[in-house]
Structure formats: C-alpha cells, structure tokens
Amino acid sequence: MSNISFSVQKGDICSIIGPNGAGKSSLLNIINGVYPILRGKVLINEKYLRKPSPYSVARLGVSRTFQNNALFKNMSVADNILTGLTKHSESNFIEDTFRIGRARNEAFCAKEKLFEILSYLKIENISETMVGTLSYGYQKRVDLARALISKPSLLLLDEPLAGMNHIEKREMGELILDVNRSRGATIVLIEHDMGIVMDISDHIVVLNYGKKIADDEPRKIQSDPEVIAAYLGED
Amino acid sequence: MKTGDKNLVAEFGRFKISERFIKTIYLFTILILLFFVIPLYTSEYWMRAIIMPTLILGLAGLGLNLLFGYAGQASLGTAAFMAVGAFVAFNLMYRIEWLPLPIAYLGGGVAAGLAGLLFGLPSLRIKGFYLIASTLTAQFLSIWFFTNFGWFYNYNPSLTISATNWVIFGIDFSSPKGRYWIVVFTTTVLTWFAYNIVHSKTGRNWMAVRDMDTAAAVIGVPVVRAKLSVFFVSSFICGIAGILWAFAYLGAIDATGFSLDKSFQLLFIIIIGGLGSIYGSYIGSAFIILTPILLNILTKNTGLDQIIDQAFLSNMQKVLFGALIIFLLIRQPEGVMRIISLWWIRLIKRQKSN
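The structure displayed is predicted, hence computed values, not measured ones.

Caption draft 1: Region of interest: the nonpolar core. Core analysis: the largest hydrophobic core is formed by 101 residues, its most contacted members being L59, F247 and F258 of chain B. Looking at this core element by element, the count peaks at 16 residues for helix α9 (residues 223-250) of chain B. Here this core spans two domains, since at least three of its residues come from each of domain 1 (1-41) and domain 2 (42-353) of chain B. Discounting residues that sit within four places of it in the chain, F247 of chain B has contacts with A86, A89, F90, M93, I161, S162, A163, W166 and R179 of chain B. V131, L144, A147 and L161 of chain A belong to the second largest nonpolar core, which has 37 residues in total.

Printed below as a string of structure tokens:
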C-alpha cells in the first residue's frame, strides 16, 4: 500500500470500501498497530506513536472487532467481554493475588460496566455461556461488546455485517449508528454491503490495489466514475 | 428481579438458600474436615499416607493447571520446578540457621518461580509440542544438576536432603500432626491465592492467551507479561509443593525423586481432574492416590491374593488402573470435575423447577 492519506473527524462514521484484496483489512491493521509502518504516520487523537504496538494503540482508546469474530472460545461471554477492559487496568499482580487496592476497585467497576454493556446489547441472559457454543450472530454481539466495554474513542469494525441476513444487517446498522451517537465513538468500518454503508457513513474512503481512489461523502462516491469503474471491473 | 434471586435454589419461609450459600457451606465443611477432623479423629495412616500426598500432589497439579489448563502453555518440567523449590529451601534452612521457616519456604518457591520464568522464555516464541520439548530440558537438567553438584545436598553421601528445621515462631511442628497442619495451611492459602488470580484480570489474560494469543494481543492483552507471569506463578506453586513433598511427606529425598515420572503423574492428575479447574487438580490427585489403594483393598477382601500370584496381581492392578483412566476420559474428556459440575447443574435445575 502506498500514498494513502485520509482523516476521520471526531464523531464521524467513516467507511472503507473497495474490492477484495484492495488492502482494507491491512489498513485497519496499520491503524491498530498490528502491521509495522515502513513509511508514514498514524495520528490518533492528535497523538503520534513512534513505534506503535497493538497494546499501546489500544491504550489510546482504540477498540476493534474482527471479521471472523476472534473470540476466546473456552471462556464465558462475561469473561470475554471483560478482557476488553484489560488494556486500561492499572492493578498489579500482588493486588490481583490478594484482591486488594486497585484490583478490588477495578473488579467492582468492571462488574457495573459489564451489566451496562450486556443490557445495551441485550445479551444478559447468555452472560455465563461459553462463547464457543453460541450462534454466529450472538458471537458478533459479544465481539462488539468486548470492543465497547472500554468506552473507546475510536472504534474499528472489520466487516460487522458479514454473514448476516437482511434483517440482521438492518439491526446492526442501526446499532452502529446508535453507538456512534449515544456513546460518542468515532467509527471506522470496513464493509461490503453498499446499501447500509451509504446510509450510515459520514464519509467513505475507496481503496483499489492498495491505493486510495476516492474519499468523499456517500452521495458523491455513488456518482464517482473511478469508483464505478473499480467496482464494475472496467479499465 | 434482582440478580441475587437468580442463584436462589430453595425457600423455607423467610429463610432463603442460594447456590452460593450451599457452595460456601461445602467449602467450610471440607476445611473443617481437613484442619480438625482428619488430624484429630482419624488414624495416622489416613492423615499421613492418603490425605497428605493427595493435598501436596493436588497443589503441584494446581500449579501445572494454571500453566497448562488456564494459560495453555504445555509443560513437562513440573517436577524440575518442585526440585528447585525443595533444594533451595533445604540450603536456605541449612546454611542460614536464624532464617524463619516460612521465609525459607518462600525463598524456595521464589527460586522455583525464577527457574520457571527462565524455562518459560521460549514460550514467547514457540507453542505446543515444541514447548514441551523445551520444558523437558528443565526436567533433565535439574536431575543432573542436583545430583552432580554436591554443594546442593551438602555432600551427603546418600545424595539426599532432609528438613533441618521445623520451628515456626517458637512452636515445633516436627510431629506428624504438625507437618500435616503445615501442609493443609499452605495448600489452603495457595489455593485461595490461585482462585483470586484466576478470577482477576490476570487470570482472564491467561485464558485469552490460551484461546487465541494473536487476538488477545490485538485487543490489548499484554501477552508477554501474561505468559511470563503464569510461568512464575505456576512454578512458584510447584516449588512450594516440592518442598512439602520432600520434607513434610517423605522426610528425605534425592534429585531422582523429582524425575520425569512425577511430571507425567502430575500431567495425568490434571487431565483426569479437569483442565482449567482449581478443584479438579485435587480431585485428580485423589483419584490417582485412592484408586490403587481401593484396588488393593478389593483384591485383599475378595481373597484373590490367596489364589493368584502376588506379582501378577500387582501388575493387574496397574492394568486395571490404566483401563479405568481410559474409560473415564472416553466418557468425559473434560475430566472428573466436569462430571461433578454437570451433576451439580442438574441438581440445582431440578431443585429450582420444584
């Protein structure tokens, strides 16, 4: 990938679209600190990390979900969601062992946050179920809950609608809008379903072969000749 | 409906029984049995030959279970870390006479923990079978080390080490009951610590690393710290268990007492008991220790030992023991603890539906 530059305004929903292999997921992994950057910079909240790692980026308030629901299969739903809080945890090992000090406080706060997020996503009744036994749709919700529990300022969603039917897609689209509005999270998402992308995005970045070919409002993207060409496979 | 009501099992007028309440009662009963009833009202044989090794091996199994069952890091070096604990504690006791006994034990545990940390370093790069091979190094190295360097066993011609000190805060614990109490106390405290850690952020990080370490790293779990901390804690617990095994149970031991056989035995204990279960470690160790004794009693009482050759009989016991393990693992691959928890859930459900 080269020569890609775009910015996302605070409170916006930005979608990254493009044909298969265009580099969408790679871009997400770069923002997230998974892939090293050879040349270039990622600024998060005006902050620049010289050597970004997933952990340091996560601590800046960035959360993400995964295309294939990378959940912890042998852990309960509640435990899965609580791992989303670990990046902000300050308690040390001794405190964890004796259940004192910060470990005690954090455990107490974590419980409240957990109940809040469980009821927000309407998954209270499965909180003790092992994630591996859940259906795909529920796993998507747990993945989202794990990302949301830390109250991220930037939320990266990797194909949040993949594998869903029409009604589920609508619901998820509305959920994403609500997360953006009522929880104040800036959202960057990758998605193939154009209908919903056009509905919910504030602006769209189009990639093709590792290059940015458009970056505009949804309305203008729809009529951009280069984008149409990339999608229809014309030269 | 309040969240507390979800646990409700039965109601007698104003007196309500929750699931948690029953579990607490069970726990207290077990603790009272272990601390008072067994040492004061049962025979010394039961206390010394059955309960004590069950607890100690259960504790070592718990150490391994944290590493393998909770954090997914396979290891065959468990006995090596037990050996480090025992030998270092012996030297601390022997060479620094004024050192209080608990400190010497703690020192042995920490030394074992550091050894675990050292042999855990490869886990940052490799997993599964390769990690087993790497921890196996610790196993062979420790036997060679504690046999060839005489300083560690104080040049004792029999190559063994034994406890030189049984005094804690001016009270002598050298009697069988005293030793037993040390074992029960240490086991209880360490199990409580392990319970706390497993249910804390650290424990969740361990399980996240076990289930999918790449995803764990991406969502902000400090993977390196999680892996190294589990190696330390696991080896610390194994080290303490090694000290208890050497001094409280056997009295004297040489390096070959902590051989690969012991590592395998501990691995079987947690597989039978249940991976990723604290109580499972103790149930597994009880199974391993009690079953041969039961088989022995069975052959004696049925009079089989009068008819059939003794050596053949003891071999048959081993075969039967192995077959029993295989049968158990086919019926329930997740271990005895899983069977118990399934019973428990069924019991609670039936009670709730009434």
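Caption draft 2: Quick peek at a positive patch on the surface. Residues R99, R104 and K111 of chain A together with R20 of chain B make up a contiguous surface patch of positive charge. Mapped onto the elements of the fold, K111 of chain A is located in helix α5 (residues 101-120).

Caption draft 3: Local environment of the environment of A230 of chain A. Residues and elements named next belong to chain A. On the secondary structure map, A230 appears in helix α10 (residues 225-232). Between the C-alpha atom of A230 and that of P19, which follows or precedes it by 211 residues, the distance is 7.5 Å. Residues contacting A230, with those up to four places away along its chain left out, are P19, N208 and I213.

Caption draft 4: Spatial organisation of the domain arrangement of chain B. All names here are of chain B. Along its sequence, chain B is carved into domain 1 (1-41) and domain 2 (42-353). Averaged C-alpha coordinates put domain 1 and domain 2 at centres separated by 28 Å. In this assembly, domain 1 packs against domain 2 so that about 1400 Å² is buried in total across both faces, 71% of it on carbon and sulfur atoms. Area buried by domain 1 at its contact with domain 2 is led by F35, I38 and P39, which between them contribute 38% of it. At the junction of domain 1 and domain 2, the tally comes to three residue pairs in polar contact (both at pLDDT 80 or more). Listing elements by their share of the side of domain 1 that touches domain 2, those giving two or more residues are β1 (8-12) and α1 (19-41).

Caption draft 5: Seen up close, the packing of helix α6 (residues 136-148) of chain A against helix α7 (residues 166-182) of chain A. Residue and element names in this part refer to chain A. Interhelical geometry of α6 versus α7 gives an angle of 5° and a closest axis separation of 13 Å. The orientation of α6 relative to α7 falls into the category roughly parallel. Each of K140, R141, L144 and L148 in α6 lies in contact with α7, whose residues at this interface are E171, M172, L175 and V179. Considering only residue class, the contact of α6 with α7 consists of five nonpolar, no polar and three charged.

Caption draft 6: Quick peek at the pattern of salt bridges. Tallied over the full model, the rule gives 15 salt bridges over all chains. Among the ionic pairs, K169 of chain A bridges to D193 of chain A, the shortest N-O distance being 3.1 Å. Here D193 of chain A lies in the loop between β6 (186-190) and α8 (194-200) and K169 of chain A lies in helix α7, a separation of 24 residues in the sequence. Ionic pairing is found between R219 of chain A and E217 of chain A, a salt bridge with its closest N-O pair at 3.2 Å. When its relative accessible area of 34% is taken as the criterion, E217 of chain A is described as partly exposed. Through salt bridges with shared partners, a single ionic network connects K127, D213 and K227 of chain B.

Caption draft 7: Region of interest: helix α3 (residues 78-95) of chain B. Relative to the 26 Å expected for 18 residues at 1.5 Å per residue, α3 of chain B spans 26 Å between its end C-alpha atoms, a close match to the ideal helical length. Burial analysis of α3 of chain B places 14 of its 18 residues in the buried class, which makes it a mostly covered element.

Caption draft 8: Summary view of the packing of aromatic side chains. This model, assessed by the stated rule, comprises 18 aromatic pairs over all chains. Taken together, a centroid distance of 5.5 Å and an interplanar angle of 40° make the contact between W192 of chain B and F193 of chain B tilted. Given the relative accessible area of 47%, W192 of chain B is considered partly exposed. Taking relative accessible area as the criterion, F193 of chain B reaches 18% and is therefore assigned buried. Counting every residue linked through ring pairs, the aromatic cluster contains F87, W144, F145, F146, F149, W151 and F152 of chain B. Seen from the ring of Y48 of chain A, K41 of chain A lies directly overhead, with NZ or CZ sitting 5.1 Å from the centre.

Caption draft 9: Structural context of the packing of helix α2 (residues 44-70) of chain B against helix α11 (residues 278-301) of chain B. Residue and element names in this part refer to chain B. Following both chains from N to C, one finds α2 and α11 inclined at 135°, their axes separated by 7 Å at the closest point. In terms of orientation, α2 lies oblique with respect to α11. The handedness of the crossing between α2 and α11 is right-handed. In contact with Y45, I50, P53, T54, L55, L57, G58, L59, G61, L62, N65 and Y70 of α2, α11 contributes I278, S281, Y282, S285, A286, I289, L290 and I293. Of the residues that constitute the contact of α2 with α11, the class distribution is 14 nonpolar, six polar and no charged.

Caption draft 10: How the structure looks around the sheet that holds strand β4 (residues 62-64) of chain A. All names here are of chain A. If you walk across this open sheet you meet the six strands as β4-β5-β6-β1-β7-β8, and the pairing is mixed. Both edges of this open sheet fall to β4 and β8 (211-216), since each of them pairs with a single strand only. Strand after strand, the sheet turns through a mean of 15° between neighbouring axes, direction not considered. As paired elements, strand β5 (residues 154-158) and β6 share five bridges and run parallel to each other. Each residue of the ladder has a partner; that of L154, found in β6, is T186. In the packing of helix α1 (residues 24-32) onto the sheet, the strands contacted are β1 (13-17), β4, β5, β6 and β7 (203-208), and the crossing angle to β5 comes to about 150°. Contacting β4 and β5, α6 crosses the sheet at an angle of about 160° to β5.

Calculation criteria
- Residues numbered from 1 in each chain as written.
- Chains lettered and ligands numbered in written order.
- Predicted model: local features only at pLDDT ≥ 70, side-chain atom pairs only at ≥ 80, totals over all residues.
- Heavy atoms only, no water.
- Core = buried A, V, L, I, M, F, W, Y, C linked by side-chain atoms within 4.5 Å.
- Buried < 20%, exposed > 50% of the residue type's maximum accessible area, 1.4 Å probe, protein only.
- Helix = DSSP H or I, 4+ residues; strand = E, 2+ residues; numbered from the N terminus.
- Domains from an automatic or database assignment.
- Contact = heavy atoms within 4.5 Å.
- Patch = residues over 30% accessible without salt bridge, like charges linked within 9 Å, V, L, I, M, F, W, Y side chains within 5 Å.
- Areas by Shrake-Rupley, 256 points an atom, 1.4 Å probe, with all protein chains shown as cover.
- Salt bridge = Lys/Arg side-chain N within 4 Å of Asp/Glu carboxyl O.
- Lys, Arg positive; Asp, Glu negative; His and termini not counted.
- Charge placed at Lys NZ, Arg CZ, Asp CG, Glu CD.
- Buried area = accessible area lost by both parts, 1.4 Å probe.
- Polar contact = N/O pair within 3.5 Å; in protein donor to acceptor, adjacent residues only side chain to side chain.
- Axes fitted to C-alpha atoms, helices over the stretch in contact; angles between N-to-C directions.
- Parallel < 35°, antiparallel > 145°, perpendicular 65-115°, else oblique.
- Nonpolar A, V, L, I, M, F, W, Y, C, P; charged D, E, K, R; others polar.
- Expected span 1.5 Å × (residues − 1).
- Phe/Tyr/Trp six-rings, centres within 6.5 Å; stacked < 30°, edge-to-face > 60°.
- Lys NZ or Arg CZ within 6 Å of the ring centre and 35° of its normal.
- Left-handed = near helix turned anticlockwise from the far one by under 90°.
- Pairing = 2+ DSSP bridges.

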